[in-house]
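# Fold and geometry: a report
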Amino acid sequence: MKREDLFPVLSDLALAIQAAAAYPENHPKVQQILERLHRRVLADARRLEGLNLGFFGDHVVVDECPFVEPNSTLLRLMARMREKGIEKIRFSEGITFGELKRFVYFLGEGKRLLSDQRWESIVCGKIEGTESAAVAPLELASTPSSKILKGAIEVLREVLASLSTGGSRSRVDEGRDIVSSVIRGLREDGAIIERLMELQAHDDYTVTHSLNVCILVVAQANRLGLSEPQIREVGMAALLHDIGKEAIPSQILNKPSRLEKGEFEKVREHPFTGAKLLRKIDSGTEIPMIVAFEHHVKYDRTGYPKIRSTEPLHTASYMTQIADVYDALRSFRPYMPSIELSKTVSIMKEGRGTEFEPQLFDNFLEIISCPREGFPETSPVAM
Ligand SMILES: [Fe+2]
Ligand SMILES: [Fe+2]
């Protein structure tokens, strides 16, 4: 896009913020400016596959094109962004009018903090470090479930490391305690899933990922109406599903570029390594071993490893596989940025009935589309 085509969205954003600060919410003037801004943001985001704005010192950048004019509109815009602690904004293609309006009002008002906000199609914040505003709401320490998650991450790190080197019964029990606290957390605070959906793992991927998958599987199992001991079992299996990855060198797991053939093969061994490991450790049930082995086998039997039998896979494997794909798409990885919720859902919907077991997939969709209802009572389903 040409430089002059990129400026209007910037000046409209500045105008809309000014109007939002000066007029009440339903004033026709604000409405008119917001509608124009929305049209421009949508068009630019579509054309550029995401619209990026940067605010550095004395200049603004739109899609890598800097604007340095000492223009009063831009100066005011930059001052506002400084106040809010925003150095970059990315608008995604699907941004709705409602979300854009809420964002503009957030920018127009003095008091509200970036960390208190949640956005679906907007990522904004500082350039370095944890840059996404979407990360900020996961300041879990303020709620009971937050402590559960934070504590669980620390314990889980040790549990996974220790189990992968032969492990002991007490470590298995610690894993069980994590699952119990996840169940408790979901009971006490329905918003835990909502927060989880905003979590982007920036480091220690396998540990965070394992806990995420466990929470999502526990929520699925509960929604299916499984008994508490069954929920505990599938939760435990989900928590340990990637334990075989502990044997993969971290240079491979964290490689920022495409894996070489040999490296890829090493990664594909983890279901087998995991199952072997879990067979050695007596976890009191076979489900973790089965899930570790089957979680990369798709509903239509593609994926890996190749399984000869035509018997259906274990329900816990199907549930873990769904949560696994979801979390992998939503999380930031060294080789791939995270994908926003609506896009994740539409990508996954294409796999209903091929990649994913259709009924369990529908059950999962209900959880992520109304996360606060993640723990209702439903009729029991046999496992
Ligand atoms: Fe895996
Ligand atoms: Fe996984």
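Residues numbered from 1 in each chain as written. Chains lettered and ligands numbered in written order. Predicted model: local features only at pLDDT ≥ 70, side-chain atom pairs only at ≥ 80, totals over all residues.

## Quick word on the sheet that holds strand E1 (residues 51-56)
Pairing within the open sheet is antiparallel, and its five strands lie in the order E3-E2-E1-E4-E5. Because the sheet does not close on itself, it has two edges, and the strands there are strand E3 (65-67) and strand E5 (122-125). Between one strand and the next, the sheet's axes are offset by a mean angle of 15°, whatever the strand orientation. Alignment of E1 against strand E2 (residues 59-62), held across four bridges, turns out to be antiparallel. Bridging from a neighbouring strand, Phe-55 pairs with Val-60 of E2. Strands in contact with helix H2 (residues 28-48) are E1 and strand E4 (88-91); relative to E1, the strand with the most contacts, it is inclined by about 100°. (Pairing = 2+ DSSP bridges. Helix = DSSP H or I, 4+ residues; strand = E, 2+ residues; numbered from the N terminus. Axes fitted to C-alpha atoms, helices over the stretch in contact; angles between N-to-C directions. Contact = placed C-beta atoms within 7 Å.)

## Quick notes on the packing of helix H9 (residues 228-239) against helix H14 (residues 315-330)
Running from amino to carboxyl end, H9 crosses H14 at an angle of 50°, the nearest separation of the two axes being 10 Å. When the axes of H9 and H14 are compared, the pair comes out oblique. In terms of crossing hand, the pair formed by H9 and H14 is right-handed. Contacts between H9 and H14 involve Val-234, Ala-237 and Ala-238 on the former and, on the latter, Ala-316, Met-319, Thr-320 and Ala-323. (Parallel < 35°, antiparallel > 145°, perpendicular 65-115°, else oblique. Left-handed = near helix turned anticlockwise from the far one by under 90°.)

## Focus on the nonpolar core
The biggest cluster of nonpolar side chains holds 55 residues, and the ones touching the most others in it are Cys-214, Val-217, Val-218, Val-234, Ala-238, Met-319 and Ile-322. Among the elements that make up this core, the one with the highest residue count is helix H8 (residues 205-223) (ten residues). What Ile-322 contacts, discounting residues up to four positions off in sequence, is Phe-356, Leu-360, Phe-361 and Phe-364. Formed by 34 residues, the second largest nonpolar core is a distinct cluster that contains Leu-37, Val-60, Val-62 and Trp-119. (Core = buried A, V, L, I, M, F, W, Y, C linked by C-beta atoms within 7 Å. Buried ≥ 20, exposed ≤ 12 C-beta atoms within 10 Å, placed from the backbone.)

## Comments concerning unusual backbone geometry
The omega torsion of the bond from Tyr-304 to Pro-305 falls at -15°, within 30 degrees of zero and hence cis. Here Pro-305 shows up in the loop between helix H13 (287-294) and H14. For Glu-49, which is not a glycine, the phi torsion comes out positive at approximately 55°. Positionally, Glu-49 belongs in the loop between H2 and E1. Among the residues examined, Glu-49 registers 8 C-beta atoms within 10 Å and is labelled exposed. One non-glycine residue with positive phi stands out, namely Arg-301, at about 75°. Looking at where Arg-301 falls in the secondary structure, it is placed in the loop between H13 and H14.

## Digging into the environment of Gln-18
Along the chain, Gln-18 falls in helix H1 (residues 3-22). A tally of 18 C-beta atoms within 10 Å means that Gln-18 is categorised as partly exposed. Sequence separation between Gln-18 and Glu-109 is 91 residues; the distance between their C-alpha atoms is 9.8 Å.

## Focus: helix H12 (residues 270-280)
Listed as buried for H12 are His-270, Pro-271, Gly-274, Ala-275, Leu-277 and Leu-278. All buried residues of H12 fall inside an arc of 165° around its axis, so they share one side. (Arc of directions from axis to C-beta.)

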